[in-house]
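A closer look at the structure
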Amino acid sequence: MTATPWAPDPKLDLVLEREIDVPRELVWAAWTQAEHIPHWFTPAPWTVSHCEIDLRPGGMFSTTMRSPEGQDYPNIGCYLEVVPCQRLVWTDALLPGYRPAAEPFMSAMLLLDELPGGRTRYRAVAIHRDEAGRQRHEEMGFHQGWGTALDQLVAYAKQM
């Protein structure tokens, strides 16, 4: 018996995909080492005031995002799958198919492919329980926000 490959569902999932000029190992480090997260994870002028990572299935991924007005927004998630330098899956709550149990949260995947010349194919997928959750996340600025964070990651990783 073979597993059916997972693919994003355009009705439920949001995808950010780019080829970036950063080696896959540096992208992985930026995502998986707590000391790097505050440098790129939230679109400026937002900041990360706290980050804790326990990088293993069942381990914690916790960030606190701080608004420009000083309001803190804690996010606590659980890693589901960790394949070094290739695949990272996390969620804040789990239903079958990695769908979140609570609104407006999500499950997420980071997929990294090594490309020639030290480049990386970067794909971030936000997986939603229903179309309303996907639409709400898109209206919150998924593409702009996650895109800006990726731009910041690239700039930061080039200095690591």
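Residues numbered from 1 in each chain as written. Predicted model: local features only at pLDDT ≥ 70, side-chain atom pairs only at ≥ 80, totals over all residues. Heavy atoms only, no water.

- The protein chain carries the name Activator of HSP90 ATPase in an unreviewed UniProt entry, which gives Chitinimonas prasina as its organism.
- We quote the UniProt Sequence similarities (unreviewed entry) comment for the protein chain here in full: "Belongs to the AHA1 family." (UniProt positions renumbered as here; feature names shortened; annotations may be inferred.)

Description of the sheet that holds strand S6 (residues 107-115)
- Spatially, S1-S7-S6-S5-S4-S3-S2 is the arrangement adopted by the seven strands of the open sheet, whose pairing is antiparallel. The sheet is open, and its two borders are formed by strand S1 (13-20) and strand S2 (47-53), each paired with just one other strand. Across the sheet, the axes of successive neighbouring strands diverge by a mean angle of 20 degrees, strand direction being ignored.
- Where S2 meets strand S3 (residues 60-66), six bridges bridge the pair, whose relative direction is antiparallel. Within the sheet, the bridge partner assigned to Ile53 lies in S3 and is Phe61.
- Sitting on the sheet, helix H1 (residues 24-32) touches S1, S2, S3, strand S4 (72-83), strand S5 (87-91), S6 and strand S7 (119-127), and the angle it makes with S6 is about 155 degrees. (Pairing = 2+ DSSP bridges. Helix = DSSP H or I, 4+ residues; strand = E, 2+ residues; numbered from the N terminus. Axes fitted to C-alpha atoms, helices over the stretch in contact; angles between N-to-C directions. Contact = heavy atoms within 4.5 Å.)

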